[in-house]
Amino acid sequence: MKSKLLFILFFLSTFAFAGEGIVKGLLIDLSTNEPLAYGSVTIKGSTNAVSTDLDGNYEFKLTAGTYTLVYSYVGYESVQKQVIVKDNETQELNISLKADGVQLEGVVVQASRSKAKESALLVDQQRSVEIKQSIGSQELSRKGVSDVAAAVVKTTGVTKQEGTGTIFVRGLGDRYNTTSLNGLPLPSDDPEKKNINLNIFSTDIVEYIAIDKTYVTRNYGDFAGGNIDITSKKHSGDTFFDFSVSSNINSNAVKQDRFLTLSGRSYLGFSDTSIPNNPLNGYNFTHSTQNATKSPWGMGLGFNTGKSFYFNNGSALNLFATASFGNNYKYKEGISKTVQAQDVALKDLYLNSFEYNTNTTAMLNADYDINSMNNIKYNFLFVNDSQEKTDNYKGFITDTTPDEKLSHTLINRQQYKQNRLFVNQLLGKHTFTDQIGVNWGISLNNVSAQIPDRQQYSLNKVIGTENDYVFAVNAKSNNNRYFENLKEDEIAGNLSADYKFAKKEDNLFAGKLTVGYNVRKKKRDFKATQFVYAINNSYNNKINVNNLDTFFNQDNFEKGYFEISTFRGGPEVSNALEPQFYTGDLLINAGFANVEYKLTEKLSGSIGARFEMISQDVTWKTQLDSELTSDKFEKNAFLPSLSLKYELNDRNNLRFAASKTYTLPQFKERARFIYEDITETKIGNPDLYASDDYNADLKWEFFPQNDEVFSVTGFGKYIKNPINEITMASSTNDITYVNTGDYGYAYGAEIEIKKNLISFDDINTNKITGGLNVAMMKTHQKIDKDKITRENRYVNSNFTNDTSKFTGASDLLLNADLSYIKEWGERSLLATIAYSHFSDKLSSLGTEGNGNLVDKAFGMLDFNFKMKFTKNFGIGLSAKNLLDPKIERVQQNPSRDITVQSYKLGQNFSLSLNYNF
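Residues numbered from 1 in each chain as written. Predicted model: local features only at pLDDT ≥ 70, side-chain atom pairs only at ≥ 80, totals over all residues. Heavy atoms only, no water.

S.K.: For this particular structure, what's the right way to read the overall build of the protein chain?
M.R.: For the protein chain, the count of helices and strands is eight helices and 52 strands. Principal-axis analysis of the C-alpha atoms places the extent of the protein chain at approximately 130 × 60 × 55 Å. Counting all 917 residues of the protein chain, 55% fall into the buried class. Taking all contacts inside the protein chain whose residues are at least 6 apart in sequence as the whole, residues at least 24 apart take part in 70%. Entry remark: accessible area of the protein chain is about 38,100 Å², with carbon and sulfur atoms responsible for 54%. Of the side chains in the protein chain, 99 bear a positive and 105 a negative charge, and the two mean positions are spaced by 3 Å. (Helix = DSSP H or I, 4+ residues; strand = E, 2+ residues; numbered from the N terminus. Buried < 20%, exposed > 50% of the residue type's maximum accessible area, 1.4 Å probe, protein only. Contact = heavy atoms within 4.5 Å. Areas by Shrake-Rupley, 256 points an atom, 1.4 Å probe, with all protein chains shown as cover. Lys, Arg positive; Asp, Glu negative; His and termini not counted. Charge placed at Lys NZ, Arg CZ, Asp CG, Glu CD.)

Dropping the structure here:
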């Protein structure tokens, strides 16, 4: 008995006093060697786990014995390692994790760089002194996003104008924002816009998108809302080739018995855009007046490929290429009105709109690591985007329709747009010592944007007949063909040098000085020619509205049924074919300096200044100014910026940012040129000048896990001499651009949450996640009628109100999503439901007693499902705009709100198959 007791005591004492050992190490990305912050290290078969810190370090204190450690990180393949823990010994175990494939809309990209992942972007956000917000290809895949415009709308405080790629950041529209690719500026593809249409960029080319809402001195100063920078995808690692095919339908389009498209246009979106020879002396237009028809089923094809070459001297060449083609069909119908202050409709029309869109994208990325200290990369991007649009209006138009009750007017407008973008970029990064580095970049961009042979025909029903029509001839432009051509060439360069200083005991540097130079030179040429049909009333009867080719042909032209002229005159005028045109030249030279310094263990700061010399020269010769006229605008801008970051602890940051920027008027806003649409006409104003902007942000952010964030931001903006689009006080109510007052301001709050809601295992491979971002804002501007009259030669306007909100600003923006993610072996499943809501927003300011035009609130619900059956094969299903709400615009007249625009977009469904070789 005594011996048994001694044995038990010995056993217990041995167990009680068993030694402990330590296992520690570093968790890193296999392809980039970047540390993986907040990764998970778990003891297999137990709940015992630790997380890596911000620098990827972990440490376990364990009782001596044998264990299996499971290393996992969101978006990476898990690794298991067996370790024998010995008494009083410390083992160092550094683990590299390989990135999973990142599946986008119809394609799979292997071995993508870590910043494609939500977790890596959140770590980058946490570490940075600047206030950052980004969305990577992993999140885009999860939410079923296929283009960049839809991508940025998924971030806090960003909305998009429906039917366009125009982005509003914190209520500030196109003129207040900038776009860039790999840090170098992008040109615009639209004469009416400052920024390129982000709809044309497929997410196939995207690694991640950064949305900078606070200004930093490396960026150009023409900024108040946000800078959207697209970082193009690169490859490193195993060779791969992915192929995808997809189909899509729009519920509105597929219901149409005859889906109308344009005659003679290419299915692929590459068509002739030239004016025909001898257009005034004969009927030489080649495109029929009659619509063709297509079956409204969209499709897509695409491939991605990548290969890496490794050389004996330690250098490596990484190549990535992608190409895709896609098309889609859209249809909408609804009311379209123009209303006076007394609620009388000047135009009361019903619209049927058919739209066929194509997009062809190709990109090549060559990334050459000369050695560990030097890197050069080349990016080539080609985008061809086309749109065929047929708009049929029916209803009443003052001064056109003979009688509102006994007759009606038909308007048929057929428009083809083709935009072509070429981007060439060469970038370099060189590290000379651990303290000195240089970065540089050069871009050469070309945009060609055409509207070739837009056709418009206006006809009135003859009173007292069943179905007899005649051409409307009250205005010269009622029946016409129109050609528009924009070409823009841009060269830009960035050069910066970094110097790190104040080395600490841990061999890290407390400070960094950056100095740099930017140059941007842009040249735009814009030409437009309208060919007007002068109808001979002697033959203007019983026109076949379903076949206008029976009237407009060479035989009837020779008989004198109609004549063709431009605004300068007919064939008897020697310069009749000289187009209206304007040219624009922009030159910006800028130098900047920035100091980043860790002031204390918890407080870091960045202070910088930028000086820009800006020259904008616009020359025009139009129907408003028949003589060649020029106007030059010059500005020198001193732009300071400040960013502060206080680390409350290793997972909580408090941030502050302040800056001064400016807003430059655009070429077409300063050229005396007329842009005509069915319901509006816009004219440039050479007296327009730049606004100055003052910006401030205060942000708290909390990172519970590597892929989770809670943040709250308060922001304010003060704009001096804000620019607005207004309606002039004239008989035609034309729209122009002016500095409407001395000041305007915006303030608000943003909330962002990303959270793992439920995890069904210990390694985060079977879970439900949720996301929510909300932006609440108020905007205000003072309207000064006397200022407008005093500062402008060509503008006079009588505003209905003395104050207003900013155009395009919603008081409330909300995005929410819920995802289920499961991974097992080589298979995976992803299902996401996402909802977006936009409150009412001001479209344009009211004048002459007319109320403001306001776009009413609506919400959109999307569903996205992806399933990977094997390592090589997967499918995707997307359903967008499931609620299909009415999109409405009202005019807030004194007596009541009148709906002036109303339609539904329809639901969009797509199915994709992808295979990885």
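Let's pick the thread back up.
S.K.: Mind showing me how you'd approach the pairing of strand β18 (residues 240–250) here?
M.R.: If a strand is regular, its side chains alternate between the two faces of the sheet. In this structure, β18 lies alongside strand β21 (residues 298–310), joined through nine bridges in antiparallel fashion. Bridging from a neighbouring strand, S247 pairs with M299 of β21. (Pairing = 2+ DSSP bridges.)

S.K.: Explanation requested: empty space enclosed by the protein in the structure shown.
M.R.: One water molecule sets the probe size; rolling that probe over the atoms shows where empty space is left. Tallying each qualifying case throughout the model produces six cavities of 30 Å³ or more. For the largest cavity, the calculated volume is near 170 Å³. Breaking the lining of the largest cavity down by element, the ones donating at least two residues are α2 (118–127), β11 (134–136), β41 (743–759) and β42 (766–782). Considering each element in turn, the lining of the largest cavity owes the most residues, five residues, to α2. Grouping the constituent residues of the lining of the largest cavity by class yields five nonpolar, seven polar and nine charged. In terms of lining, the second largest cavity is formed by 15 residues, of which the most central are Q133, K213, K699, T713 and E750. Every element with two or more residues in the lining of the second largest cavity is listed here: β37 (691–702), β38 (709–720) and β41. The element contributing the most residues to the lining of the second largest cavity is β41, with three residues. Residues that form the lining of the second largest cavity fall into these classes: three nonpolar, five polar and seven charged. (1 Å grid on protein atoms, 1.4 Å probe; cavity = no way out; pocket = protein on both sides within 12 Å on 5 of 7 lines; lining within 4 Å. Points joined across faces, edges and corners; volume = space filled by probe spheres on them. Nonpolar A, V, L, I, M, F, W, Y, C, P; charged D, E, K, R; others polar.)

S.K.: Please explain the packing of aromatic side chains as it appears in this structure.
M.R.: In total, this model carries 44 aromatic pairs according to the counting rule given. A ring pair is formed by F241 and F917, whose centres lie 5.8 Å apart and whose planes are at 45 degrees; its orientation type is tilted. You can see F241 sitting in strand β18 and its partner F917 sitting in the segment after β52 (908–916), a full 676 residues away along the chain. Judged by its relative accessible area of 60%, F917 is exposed. Relative to F531, the ring of F285 lies with its centre 5.7 Å away and its plane at 70 degrees, an arrangement referred to as edge-to-face. Of the two residues, F285 is situated in the loop between β19 (259–261) and β20 (292–294) and F531 in strand β29 (residues 509–535); the sequence distance between them amounts to 246 residues. Across the pair, F531 and F285 agree in class, each one buried. Note that R610 overlies the ring of Y220, its terminal NZ or CZ placed 5.0 Å from the centroid. (Phe/Tyr/Trp six-rings, centres within 6.5 Å; stacked < 30°, edge-to-face > 60°. Lys NZ or Arg CZ within 6 Å of the ring centre and 35° of its normal.)

S.K.: Help me understand the sheet that holds strand β2 (residues 40–43) in this model?
M.R.: Strands in a sheet are paired, the pairing made by backbone hydrogen bonds, and the direction either parallel or antiparallel. With antiparallel pairing, four strands are arranged side by side in an open sheet as β3-β2-β5-β6. Taken across any chain shown, the strands that pair with only one partner, and hence form the sheet edges, are β3 (49–51) and β6 (79–85). Geometrically, the sheet is characterised by an average inter-axis angle of 25 degrees between neighbouring strands, direction not taken into account. Across four bridges, the pairing between β2 and strand β5 (residues 65–72) is antiparallel. Within the sheet, the bridge partner assigned to V41 lies in β5 and is Y71. (Axes fitted to C-alpha atoms, helices over the stretch in contact; angles between N-to-C directions.)

S.K.: Is there a simple way to think about the confidence of the model for the protein chain in this case?
M.R.: Low-confidence regions, as indicated by low pLDDT, have predicted coordinates that should not be scrutinised in detail. Confidence in the prediction of the protein chain, expressed as mean pLDDT, is 87, and 92% of residues score 70 or more. Of all secondary-structure elements in the protein chain, the lowest mean pLDDT belongs to strand β10 (residues 108–109), at 33, while helix α5 (residues 251–254) reaches the highest, 97. Below a pLDDT of 50 lies the segment residues 7–17, which in the model reaches zero contacts outside its immediate sequence neighbourhood of four places, other chains included. Long-range and interchain partners of residues 101–114, a stretch whose pLDDT sits below 50, account for 58 contacts in this model, where long-range means more than four residues apart. (pLDDT = per-residue confidence, 0-100.)

S.K.: Explain unusual backbone geometry to me, please; I cannot follow it from the model alone.
M.R.: The phi angle of most residues is negative, glycine excepted, and most peptide bonds adopt the trans form. With a phi close to 50 degrees, N278 is a non-glycine residue in the positive phi region. Secondary-structure assignment places N278 in the loop between β19 and β20. Its identity is not glycine, yet D453 carries a phi of approximately 60 degrees, on the positive side. Mapped onto the fold, D453 is located in strand β26 (residues 436–461).

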